[in-house]
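Below, each chain spelled out in residue letters.
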Amino acid sequence: MSDLSFQRCINPACRATVDLADTSFRCPKCGGLLDVAYDWDRLPVPKSLKHFETKWANRSDPLDFSGVWRFRELFPFAPDAKVMTIGEGQTLCQRADTVASYVGMNPGTVYLEYEGMNPSGSFKDNGMTAAFTHARMTGATRAACASTGNTSASLAIYCAAGGGSPPMRAVIFIGSGKISYGKLSQALEHGALTVQIAGDFDDALRQVQDVSRQLGIYLVNSVNPFRLEGQKTIMFRILEALRWRVPDWIVVPGGNLGNVSSFGKAFTELKDLGLIDRAPRLAVVNAAGADTFYQLYDRHGLRWNAGEFDKAKYDAYMHAMDAANRRADTLASAIEINRPVNLPKALRALERCGGVVREASDQEMLDAKAKIGAGGLGCEPASAASVAGLLKLVKEGVIAKSDTVACVLTGHVLKDPDATVAYHTADPAVFEAKLGKRGVKRAMFANRAVQVPNQLSEIVKAIELYA
Ligand code: F0G
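Below: a short report on this structure. (Residues numbered from 1 in each chain as written. Predicted model: local features only at pLDDT ≥ 70, side-chain atom pairs only at ≥ 80, totals over all residues. Heavy atoms only, no water.)

1. Let's talk about helix H4 (residues 150-161)
The end-to-end C-alpha distance of H4, which contains twelve residues, comes to 16 Å, matching closely the 16 Å that a straight helix rising 1.5 Å per residue would cover. For H4, the full list of buried residues reads Asn 150, Thr 151, Ser 152, Ala 153, Ser 154, Leu 155, Ala 156, Ile 157, Tyr 158 and Cys 159. Those residues of H4 that are buried are in contact with helix H3 (124-137), strand S6 (142-147), strand S7 (169-175), helix H5 (181-189) and helix H7 (225-241). The first or second residue beyond H4 is Gly 163, which carries a positive phi of 65°. (Helix = DSSP H or I, 4+ residues; strand = E, 2+ residues; numbered from the N terminus. Expected span 1.5 Å × (residues − 1). Buried < 20%, exposed > 50% of the residue type's maximum accessible area, 1.4 Å probe, protein only. Contact = heavy atoms within 4.5 Å.)

Below, the structure is given as C-alpha cells:
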C-alpha cells in the first residue's frame, strides 16, 4: 500500500504511526484510538469545493455516482479499482420549515440531512463502504460488528451485495431483546451469521473486539477509523446542498460517538486544506437513558484539553456506573450505549469546533419524531434526538432563531415501526405496553386511526368529518 496514507494515534503525546493495512485499530504503543492520516502535500487536493460539482454529470461511473466516493479526494486511502460501492449516499438535505416552527426558529433556517435514504436505511452505509473497501484491500474474508441494529444491517447488505471470491462473511453480535425488528430482519434476510448474546450492546462490543482479535476477523465497528472516513461525506453533502455555505450548527444524535468524531475531523481537514474558512459548531444529543457523554462533558466538565484529558475523571465515572450496575435504557435503542468507544475523539471534535452536549428523554424524542414525520421525513426514535436537542438549545438561547442549522436524521422510520405505531395508536393498551411503562406519558402529536363500522354511509361521514 502507498505511504501517502497511514494510521496515526490521536494522542498528541504519542502520534505513533501504523501501516495502512493494519487491522488492529488500536495504537500499538499507548492503546489509543487511531485516525486515518494523509500526506496532503503529496496528494492532489481540489482547489475549491465547487470541484466536486464536476462529478454530478457522470452517473455512469459508480464512484462518481456514489454520494460517498464522489468526494474521494478528501479521504484518499483506496485506489479506485479496490472501491466497493453499492450506490450509498444518495441522500437529501431538505429545508424543514415544519421543524423550524416546532423549535421556534425562523423559516428557512433548519435543514434535515436524511440518511434514511441509504441502501440499508441508515447513515451506516457511508462508513461501511469505506471500511469494506479497506477490508478488501487487506484481504479479509470475514467481517464482524457488535450492533444496536443499523451497523449490522449495513454490514449484512455489503457482504451480500459485495460479490468477490470468496464473498465476505458477516458476523454480527447483538444484545438480547435490544434490537428493533426492522433491523434484525435485515441482518437475517441478507444472510449474516447473527450471534445473540445474553447482554446489552456494551457487552457485545467488548466481546466482538476480543473475538475479532482472536479469530482474525475484520472489525467494522466505529473504532475502525476507515468507517469514520466514509462518514465525513455526510458533512460534505450538507455543504453541497447548501451550495458550499457553512451552516452555523450541525446537530447529531450521540451513541458510540463515531459521527461527531468523524464530522469534527471532516471540518478540521477542510479548514486545514483551505476549503472552508470556518467550521460549524457541533451539538451532540444523547438519550437521557444513555447519557454518559452528556454527563461527562456537560455535567463533569471533561474536555479534550489538547489530548491531556482527565482520564481519572473518566475512569471514576465508569467505575461508579459499573458499581451501581447502571445500564443504558432508552426507547431509542440505536443509541442505547453507556460506553461510547469514540469518546476521546468526540472530545477532540468538540474542542476543535466548539461543541455542546445535551440529552433528550424518550418523550422528547418521540414528540420530535412525530413532528419530523409530519413534515415528510420519517425517522427512527434515535434520529429525532437531533431535533429534540435543537428545541432545547433554541429555548436556552444557545442556538439563535436566525442561525442556519443542519440536523442529521440518522435512520429511516421503517427501522422501528413498533415505536411509531405505539405512539400513534388509539389503543391505550398498545401505548402502555411499549411506551407508557417506560415513562412516556402522552402522545401530543399522535395521528390516530379513525374507527368506523363496515358501512358506506358511516365511512363517508367519518371522512367528511376529519378530512
Ligand atoms: N442514530 C442511529 C440510527 C444509529 O443507529 C446510531 C448508532 C446512532 C445514531 C449513533 O451514532 O455511534 O456515531 O454516535 N448505531 C450503532 C449500531 C451503534 O450498532 O447500529 P454514533
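2. Quick notes on the sheet that holds strand S5 (residues 110-114)
The strands that make up a sheet pair up through hydrogen bonds in the backbone, lying either parallel or antiparallel. Across the sheet, which stays open at both edges, the six strands sit in the order S4-S5-S13-S10-S11-S12 with mixed pairing between neighbours. A single partner strand is all that each edge strand has here, and the edge strands are strand S4 (92-95) and strand S12 (355-360). Put simply, the sheet's adjacent strands are angled 25° from each other on average, direction ignored. Pairing of strand S11 (residues 281-287) with S12, which is carried by six bridges, proceeds in the parallel orientation. (Pairing = 2+ DSSP bridges. Axes fitted to C-alpha atoms, helices over the stretch in contact; angles between N-to-C directions.)

3. Quick word on unusual backbone geometry
Within the chain, Arg 243 stands out as a residue other than glycine whose phi angle is a positive 55°. You can see Arg 243 is positioned in the loop between H7 and strand S10 (249-253). Backbone geometry at Trp 244 places phi at a positive 70°, although glycine is not the residue there. Mapped onto the secondary structure, Trp 244 falls in the loop between H7 and S10. Judged by relative accessible area, which is 15%, Trp 244 ranks as buried.

4. Section: the nonpolar core
Judged by nonpolar contacts, the single largest core of 102 residues is most densely connected at Phe 77, Leu 155, Phe 267 and Phe 293. Counting 37 residues, the second largest nonpolar core, distinct from the first, contains Trp 249, Ala 283, Ile 372 and Ala 384. (Core = buried A, V, L, I, M, F, W, Y, C linked by side-chain atoms within 4.5 Å.)

5. Things to note about the pairing of S6
Across the six residues of S6, five count as buried, placing the element largely inside the fold. The sheet contact formed by S6 and S7 spans six bridges and is parallel. The residue bridging Ser 147 from the neighbouring strand is Ile 174, located in S7. Regarding the hand of the β-α-β motif, the stretch spanning S6, H4 and S7 is right-handed. Relative to strand S9 (residues 218-219), S6 runs parallel, the two being bridged by two bridges. (Right-handed = clockwise from strand over helix to strand, strands pointing away.)

6. Some words on the packing of aromatic side chains
What the rule picks out here adds up to 13 aromatic pairs. An angle of 55° between the planes, with centres 5.4 Å apart, marks the rings of Phe 71 and Phe 236 as tilted. You can see Phe 71 sitting in the loop between helix H1 (62-65) and S4 and its partner Phe 236 sitting in helix H7, a full 165 residues away along the chain. Grouping aromatic residues by their ring pairs yields a cluster made of Phe 25, Trp 69, Phe 75, Phe 77, Tyr 218 and Phe 226. The aromatic ring of Tyr 297 is capped on one face by Arg 303, whose charged end is 3.7 Å from the ring centroid. (Phe/Tyr/Trp six-rings, centres within 6.5 Å; stacked < 30°, edge-to-face > 60°. Lys NZ or Arg CZ within 6 Å of the ring centre and 35° of its normal.)

7. Here we look at the site of the ligand
With respect to spatial proximity, 20 residues lie near the ligand, and among them Ser 147, Asn 150, Gly 255, Asn 256 and Thr 410 are the closest. At 2.7 Å from an oxygen atom of the ligand is found a main-chain nitrogen or oxygen belonging to Asn 256. Taking Gly 258, its main chain carries an N or O atom lying 3.1 Å from an oxygen atom of the ligand. (Near = heavy atom within 4 Å. Polar contact = N/O pair within 3.5 Å; in protein donor to acceptor, adjacent residues only side chain to side chain.)

8. Description of the state of the cysteines
Overall, the coordinates contain zero disulfides when judged by the stated rule. Looking at the unpaired Cys 353, the closest cysteine sulfur is the one in Cys 407, lying at 16 Å. Residue Cys 353 is classed as buried on the basis of its relative accessible area, which comes to 8%. (Disulfide = S-S within 2.5 Å.)

9. Regarding the packing of helix H8 (residues 258-272) against helix H11 (residues 343-353)
Where H8 contacts H11, the two axes come as close as 8 Å, and the packing angle between them is 40°. Judged by the angle between their axes, H8 and H11 are oblique. The hand of the H8/H11 crossing is left-handed. Contacts between H8 and H11 pair Val 260, Ser 261, Gly 264, Phe 267 and Thr 268 from the former with Lys 345, Ala 346, Ala 349, Leu 350, Arg 352 and Cys 353 from the latter. (Parallel < 35°, antiparallel > 145°, perpendicular 65-115°, else oblique. Left-handed = near helix turned anticlockwise from the far one by under 90°.)

10. Describing the packing of H3 against H4
Here H3 crosses H4 at 50°, and the two axes come no closer than 9 Å. Judged by the inter-axis angle, H3 sits oblique to H4. Considering only the axes of H3 and H4, their crossing is right-handed. Mapping the contact onto sequence places Lys 124, Asp 125, Met 128, Thr 129 and Phe 132 in H3 and Asn 150, Thr 151, Ser 154, Leu 155, Tyr 158 and Cys 159 in H4. Taken together, the residues of the contact of H3 with H4 break down into five nonpolar, four polar and two charged. (Nonpolar A, V, L, I, M, F, W, Y, C, P; charged D, E, K, R; others polar.)

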